[in-house]
Amino acid sequence: MPEPTERQSSDKEDLLTSGCLLLLVLLADAGAALVVAILLAARGLGRKDTAYLAGEPPVDWMPVLGFSALTLVVAVTAVMLLRIGHQAIGTVQLTLGVFLAVYTLGYWP
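Residues numbered from 1 in each chain as written. Predicted model: local features only at pLDDT ≥ 70, side-chain atom pairs only at ≥ 80, totals over all residues. Heavy atoms only, no water.

A. Examining the nonpolar core more closely. The biggest cluster of nonpolar side chains holds six residues, and these are A32, V36, F67, L70, V74 and L100. Elements with a contribution of two residues or more to this core: α1 (4-48) and α2 (62-84). Among the elements that take part in this core, α2 stands out by supplying three residues, more than any other. Those residues in contact with V36, other than ones at most four positions away along the chain, are G66, F67 and L70. (Core = buried A, V, L, I, M, F, W, Y, C linked by side-chain atoms within 4.5 Å. Buried < 20%, exposed > 50% of the residue type's maximum accessible area, 1.4 Å probe, protein only. Helix = DSSP H or I, 4+ residues; strand = E, 2+ residues; numbered from the N terminus. Contact = heavy atoms within 4.5 Å.)

Okay, here's the thing in structure tokens:
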């Protein structure tokens, strides 16, 4: 039977590990969102100056690809959180991934 001091230090280590993991997930999601925002902004600036001589402009797949990459990052982090035992946070992350997937399908040409 573990002594109370050992159990308390183990709980503190688990709390520290959980906090570091959540910070890592937050940074990964924020980084992915920043990359998607930069790519979409750069793509929009490039398309603004282009004049289309004949007919409609070609289909722009960049929003679909950008948001699906963001959805993939969110879904992978959600599955990772669920597999290591953070059920509540993983479920929230997975729900956010589903909303992002629906939003991505809205950009489908």
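Now that the structure is up, let's keep going.
B. Representation of the packing of α2 against helix α3 (residues 87-106). Running from N to C, α2 and α3 point in directions that differ by 165°, and their axes come no closer than 8 Å. Taken together, the axes of α2 and α3 lie roughly antiparallel to each other. Here α2 runs over α3; the crossing is left-handed. Together, V64, F67, S68, L70, T71, V74, T77, A78, L81 and L82 of α2 and Q87, I89, G90, T91, Q93, L94, L96, G97, L100, A101, Y103 and T104 of α3 make up the contact between the two elements. Looking at side-chain class alone, the contact of α2 with α3 contains 13 nonpolar, nine polar and no charged residues. (Axes fitted to C-alpha atoms, helices over the stretch in contact; angles between N-to-C directions. Parallel < 35°, antiparallel > 145°, perpendicular 65-115°, else oblique. Left-handed = near helix turned anticlockwise from the far one by under 90°. Nonpolar A, V, L, I, M, F, W, Y, C, P; charged D, E, K, R; others polar.)

Function cannot be inferred from these measures alone, as they are strictly geometric.
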